[in-house]
Structure formats: C-alpha cells, structure tokens
Amino acid sequence: SAACCVSSLTSGPGGAAGSEVTISLSDNADANASHYNVTIGTKNCAVTSVTQTSGSTQVTCDAPPLERGHYNVYVKSTTQGIAVGPKPGYSLPIFSALGEVLSVSPANGSLAGGRPVVIEGW
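Residues numbered from 1 in each chain as written. Predicted model: local features only at pLDDT ≥ 70, side-chain atom pairs only at ≥ 80, totals over all residues. Heavy atoms only, no water.

Enquirer: Outline unusual backbone geometry, supporting the account with residue identities and numerical values.
Expert: The peptide bond linking serine 105 to proline 106 adopts the cis configuration, its omega dihedral lying at 0°. Its place among the elements puts proline 106 in the loop between β9 (101-105) and β10 (118-121). (Helix = DSSP H or I, 4+ residues; strand = E, 2+ residues; numbered from the N terminus.)

Next comes the structure, spelled out in structure tokens:
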C-alpha cells in the first residue's frame, strides 16, 4: 500500500546536483529518516532529514547529478511503501533538472556586435 501522498516537491535553483530537495508528505508519514529511500530517475537522492509539522512530514535529500530533463521521484518508506501523488491519478511526483546560467561575459559589448560571448552553466 502507498505510504502516503506527496503534496509538494521543491528544489534549489535549476535542480542542480547537491541542491536541497524537499518532499512534503501527508501527516501520517513515518518520521524516521533511516526508513526512507528517495530516488530521482534511477539515481539515489541521499536523505538528510525528516521533519514533522502539524499536517505534514518533510523529507529532505540532496539532488544527485542529473542530465537536464524531467524525472519521476520515488519516495519509499521501509515501513509504509511508496508515496504517490494525490487523488485522482496517484501519479509519481516529477523532478525537473532544468540547468542554470551561472555567468555571462563580457557583461556588455558594442552596438556593432562582433564580440565573442561566453555563457557558463550546466
């Protein structure tokens, strides 16, 4: 049976590797971090904490390195099973690794153009 329902998923800028991913679950979720395994696509998202507030449980993990794209998120509790999205579809939540522009140089150029531009990011 399903552990509970995923009510939201948030992550750092662009879904970068190492950014914090927070998955909010319904309030009947297990609160023991060692009981959770989170996978984004086929890669492990190392669980760093589980906190409970009134009405929900937040599972936090560090995003693995991923190519840009959209990935299913699997949240499995050893005591409660796999968490799914809310009714009516009970679909798996989606994580988006969109990339991020980190720098552009030079910061300005001439109106005539012709100057090379370097864009860095992932």
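Enquirer: Explain a nonpolar patch on the surface to me, using residue names and the numbers behind them.
Expert: A surface patch of nonpolar side chains, about 390 Å² in accessible area, is lined by Val101, Val104, Val117 and Ile119. Within the secondary structure, valine 101 is located in strand β9. (Patch = residues over 30% accessible without salt bridge, like charges linked within 9 Å, V, L, I, M, F, W, Y side chains within 5 Å. Areas by Shrake-Rupley, 256 points an atom, 1.4 Å probe, with all protein chains shown as cover. Salt bridge = Lys/Arg side-chain N within 4 Å of Asp/Glu carboxyl O.)

Enquirer: Can you break down the side chain of threonine 22 residue by residue, with the values?
Expert: As for its placement among the helices and strands, threonine 22 is situated in strand β2 (residues 20-26). Residue class for threonine 22 comes out buried when judged on its relative accessible area of 18%. Not counting residues up to four positions away in its chain, the partners in contact with threonine 22 are Ser8, Leu9, Thr10, Gln58, Val59 and Thr60. (Buried < 20%, exposed > 50% of the residue type's maximum accessible area, 1.4 Å probe, protein only. Contact = heavy atoms within 4.5 Å.)

Enquirer: Mind laying out the nonpolar core, listing which residues take part and the relevant values?
Expert: Residues Val21, Ile23, Leu25, Val38, Ile40, Val75 and Phe95 are the most contacted members of the largest nonpolar core, which totals 20 residues. Those elements giving two or more residues to this core turn out to be β2, β3 (36-40), β4 (43-53), β5 (56-62), β6 (69-77) and β8 (94-97). If sequence neighbours within four positions are ignored, isoleucine 40 has contacts with Val21, Cys45, Pro64, Leu66, Tyr71, Asn72, Val73 and Phe95. (Core = buried A, V, L, I, M, F, W, Y, C linked by side-chain atoms within 4.5 Å.)

Enquirer: Please set out the environment of serine 96 residue by residue, giving values where relevant.
Expert: Relative to the assigned elements, serine 96 resides in strand β8. Considering only alpha carbons, one finds serine 96 and histidine 70, 26 residues apart in sequence, at a separation of 4.4 Å. Excluding residues that lie within four positions of it along the chain, serine 96 makes contacts with Gly14, Gly15, Gly69 and His70. Within the structure, the side chain of serine 96 is placed 2.6 Å from the side chain of histidine 70, a separation counted as a polar contact. (Polar contact = N/O pair within 3.5 Å; in protein donor to acceptor, adjacent residues only side chain to side chain.)

Enquirer: Before we move on, can you summarise the environment of aspartate 30 with the specific residues and values?
Expert: Looking at the secondary structure, you find aspartate 30 in the loop between β2 and β3. Owing to a relative accessible area of 14%, aspartate 30 belongs among the buried residues under this scheme. Taking C-alpha positions, aspartate 30 is 9.3 Å from threonine 78, a pair spaced 48 residues apart along the chain. Setting aside chain neighbours within four positions, we find aspartate 30 in contact with His35, Tyr36, Val50, Gln52, Thr57, Ser77, Thr79 and Gln80.

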